[in-house]
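Residues per chain are reported as follows:
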Amino acid sequence: MHVRTRWPWISLLLGAAVALNPIGLDFLHSAFFAGEQLARNIAQPVVLIALAVMVLAVMLEWLVRSFLVKRRARGAS
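All of these numbers come straight from a predicted model, not from anything done at the bench.

Parameters and conventions
- Residues numbered from 1 in each chain as written.
- Predicted model: local features only at pLDDT ≥ 70, side-chain atom pairs only at ≥ 80, totals over all residues.
- Heavy atoms only, no water.
- Helix = DSSP H or I, 4+ residues; strand = E, 2+ residues; numbered from the N terminus.
- Buried < 20%, exposed > 50% of the residue type's maximum accessible area, 1.4 Å probe, protein only.
- Areas by Shrake-Rupley, 256 points an atom, 1.4 Å probe, with all protein chains shown as cover.
- Patch = residues over 30% accessible without salt bridge, like charges linked within 9 Å, V, L, I, M, F, W, Y side chains within 5 Å.
- Salt bridge = Lys/Arg side-chain N within 4 Å of Asp/Glu carboxyl O.
- Axes fitted to C-alpha atoms, helices over the stretch in contact; angles between N-to-C directions.
- Parallel < 35°, antiparallel > 145°, perpendicular 65-115°, else oblique.
- Left-handed = near helix turned anticlockwise from the far one by under 90°.
- Contact = heavy atoms within 4.5 Å.
- Nonpolar A, V, L, I, M, F, W, Y, C, P; charged D, E, K, R; others polar.
- UniProt positions renumbered as here; feature names shortened; annotations may be inferred.
- Polar contact = N/O pair within 3.5 Å; in protein donor to acceptor, adjacent residues only side chain to side chain.

Attention shifts here to the overall build of the protein. Helix and strand content of the protein: three helices and zero strands. Secondary structure elements of the protein occur, N-terminal to C-terminal, as α-α-α. Overall size of the protein, expressed as C-alpha extent along the three principal axes, is 60 × 20 × 15 Å. Every one of the 77 residues in the protein was classed for burial, and the buried ones make up 14%. Accessible surface, the protein as shown: approximately 6,300 Å² in total, 74% of it carbon and sulfur.

What follows concerns a nonpolar patch on the surface. A surface patch of nonpolar side chains, amounting to about 730 Å² of accessible area, comprises Phe32, Phe33, Leu48, Leu51, Val55, Leu56 and Met59. A total of five residues in the nonpolar patch trace back to one element, the largest contributor, which is helix α3 (residues 37-74). Relative to the helices and strands, Leu56 resides in helix α3. Taking relative accessible area as the criterion, Leu56 reaches 56% and is therefore assigned exposed.

Before going further, it helps to spend a moment on the packing of helix α2 (residues 22-32) against α3. Between α2 and α3, whose axes approach to 7 Å, the crossing angle comes to 120°. Comparing their axes, α3 and α2 come out oblique. The hand of the α2/α3 crossing is left-handed. Between α2 and α3, the contacting residues are Phe27, Leu28, Ser30, Ala31 and Phe32 on the first element and Ala39, Arg40, Ala43, Gln44, Val46 and Val47 on the second. When the residues that make up the contact of α2 with α3 are grouped by side-chain class, the tally is eight nonpolar, two polar and one charged.

Attention now moves to the UniProt feature "transmembrane region" (unreviewed entry) in the protein. When the UniProt feature table is mapped to this numbering, "transmembrane region" (unreviewed entry) covers residues 12-34 and 46-64. As a span, residues 12-34 carries 83% helix and 0% strand, and end to end its C-alpha atoms are 26 Å apart.

This next bit is on the side chain of Ser30. In this fold, Ser30 is placed in helix α2. Side-chain polar atoms of Ser30 contact the backbone oxygen of Phe27, separated by 2.9 Å. For Ser30, the residues in contact, after removing those within four places along its chain, are Ala39, Arg40 and Ala43.

Printed below as a string of structure tokens:
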């Protein structure tokens, strides 16, 4: 039996893999904790845009999963 969930686990795992690898952690550090203002000014917009893209991906995955769960509940395949 397959259990369908609305939880967007694929997008969340992808976002965690991108952010929590050594390059991602270094980029996050330079965006918010760098000693140089230039490094922060360059990295902050990139990090915030990437965060917005990941939020959109999570929302899209949640909507698709919700649609599929409701569709399967009605009996359509």
